[in-house]
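# Coordinate analysis (summary)
Here is what each chain is made of, one letter per residue.
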Amino acid sequence: MAVKDRDRFSTATRIKLLGEQTAARVYRSQTKRQARRSRLTGRAALLALVLCTLIVALAYPMRQYVSQRAEIADLEREKQQASERVEQLRDLKARWQDDAYAEQQIRQRLHYVLPGETGFVVIDPDAARQSRADLGATDRPWYANVWDGVDKSDASDR
């Protein structure tokens, strides 16, 4: 028994035991690495590369498709608005074909009256004063009117 105890504490036995422990650690780390490597195989990497390439290749055409669809929608909206405007103009043209509507518009816009009627035009008093002041400007020479315009613009700056 003494020989066995002496063997157990000998340097060779210790080195052998350390070697076995180290070999066990290396084996465990290699199996862990193999397990990690097995998750991403060459086929999976190739598949990921192909998918990324497809996404990059289809990104620009998809962007173009979406922008063209938006442009088409805008053009259709403009077309709808234009057709509504055409319809309004057709209605207006049809109204002007009616003699009663034309007469009403002529009376309203041009202040025409029929024979025997009396027409009245109400004038704003402030506008009348303004026009009287302008009438006085016609009696003076042109350079005086220009100089007055310069004075008025200079006064407005202050």
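Above this text you will find the structure in question.
Presented here is a report on the structure given in the accompanying data block. (Residues numbered from 1 in each chain as written. Predicted model: local features only at pLDDT ≥ 70, side-chain atom pairs only at ≥ 80, totals over all residues. Heavy atoms only, no water.)

### As for the overall build of the chain
Along the chain, the regular secondary structure elements total six helices and zero strands. In sequence order, the chain lays out its α and β elements as α-α-α-α-α-α. Per-residue burial over the chain gives 3% buried out of 158 residues. Accessible surface, the chain: about 15100 Å² in total, of which carbon and sulfur atoms supply 59%. (Helix = DSSP H or I, 4+ residues; strand = E, 2+ residues; numbered from the N terminus. Buried < 20%, exposed > 50% of the residue type's maximum accessible area, 1.4 Å probe, protein only. Areas by Shrake-Rupley, 256 points an atom, 1.4 Å probe, with all protein chains shown as cover.)

### Focus on the packing of aromatic side chains
Scanning all chains against the criterion turns up two aromatic pairs. An angle of 80° between the planes, with centres 5.4 Å apart, marks the rings of Trp96 and Tyr101 as edge-to-face. Overall, the relative accessible area of 35% leaves Trp96 in the partly exposed class. When its relative accessible area of 16% is taken as the criterion, Tyr101 is described as buried. (Phe/Tyr/Trp six-rings, centres within 6.5 Å; stacked < 30°, edge-to-face > 60°.)

### Remarks on a nonpolar patch on the surface
A cluster of nonpolar residues, Leu46, Leu47, Leu49, Val50, Leu51, Leu54, Leu58, Met62, Tyr65 and Val66, forms a patch on the protein surface that exposes about 1000 Å² of accessible area. Tracing the backbone shows Leu58 in helix 3 (residues 42-97). (Patch = residues over 30% accessible without salt bridge, like charges linked within 9 Å, V, L, I, M, F, W, Y side chains within 5 Å. Salt bridge = Lys/Arg side-chain N within 4 Å of Asp/Glu carboxyl O.)

### Quick word on the pattern of salt bridges
Between side chains of opposite charge, pairing is possible as soon as their charged atoms come close. Going through the model one piece at a time under the given rule, you end up with three salt bridges. For the salt bridge of Arg107 with Glu103, the shortest nitrogen-to-oxygen distance reads 3.6 Å. With Arg107 and Glu103 both in helix 4 (residues 99-110) and four residues apart, this pair spans about one turn of that helix. A network of salt bridges, in which partner residues are shared, links Glu103, Arg107 and Glu117.

### Quick look at helix 3
Taking 1.5 Å as the rise per residue, helix 3 with 56 residues should run 82 Å; its terminal C-alpha atoms sit 82 Å apart, in good agreement. At Ala59, helix 3 shows its largest kink, close to 35°, and the proline Pro61 lies no more than four residues downstream. (Expected span 1.5 Å × (residues − 1). Bend = angle between axes of the 7 residues up to and from the residue.)

### A closer look at unusual backbone geometry
For His111, which is not glycine, the phi torsion reads 60° and is therefore positive. With respect to the element layout, His111 can be found in the loop between helix 4 and helix 5 (125-137).

### Overview of the packing of helix 3 against helix 4
At a closest axis distance of 5 Å, the pairing of helix 3 and helix 4 adopts a crossing angle of 90°. Taken together, the axis directions place helix 3 and helix 4 in an arrangement best described as roughly perpendicular. From helix 3, Leu92, Arg95, Trp96 and Gln97 reach across to helix 4, where they touch Asp99, Tyr101, Ala102, Gln105 and Arg109. Grouping the amino acids of the contact of helix 3 with helix 4 by side-chain chemistry returns four nonpolar, two polar and three charged. (Axes fitted to C-alpha atoms, helices over the stretch in contact; angles between N-to-C directions. Parallel < 35°, antiparallel > 145°, perpendicular 65-115°, else oblique. Contact = heavy atoms within 4.5 Å. Nonpolar A, V, L, I, M, F, W, Y, C, P; charged D, E, K, R; others polar.)

### Thoughts on helix 4
Along an α-helix, a turn takes 3.6 residues, which lines up residues three or four apart on a common side. The end-to-end C-alpha distance of helix 4 is 16 Å, a good match for the 16 Å that twelve residues give at a rise of 1.5 Å each. Within helix 4, the full set of buried residues consists of Tyr101, Ala102 and Gln105. Taken around the axis of helix 4, the buried residues stretch over an arc of 95°, which confines them to a single face. Exposed residues lying more than 90 degrees from the buried face of helix 4 are Asp99 and Ala100. (Arc of directions from axis to C-beta.)

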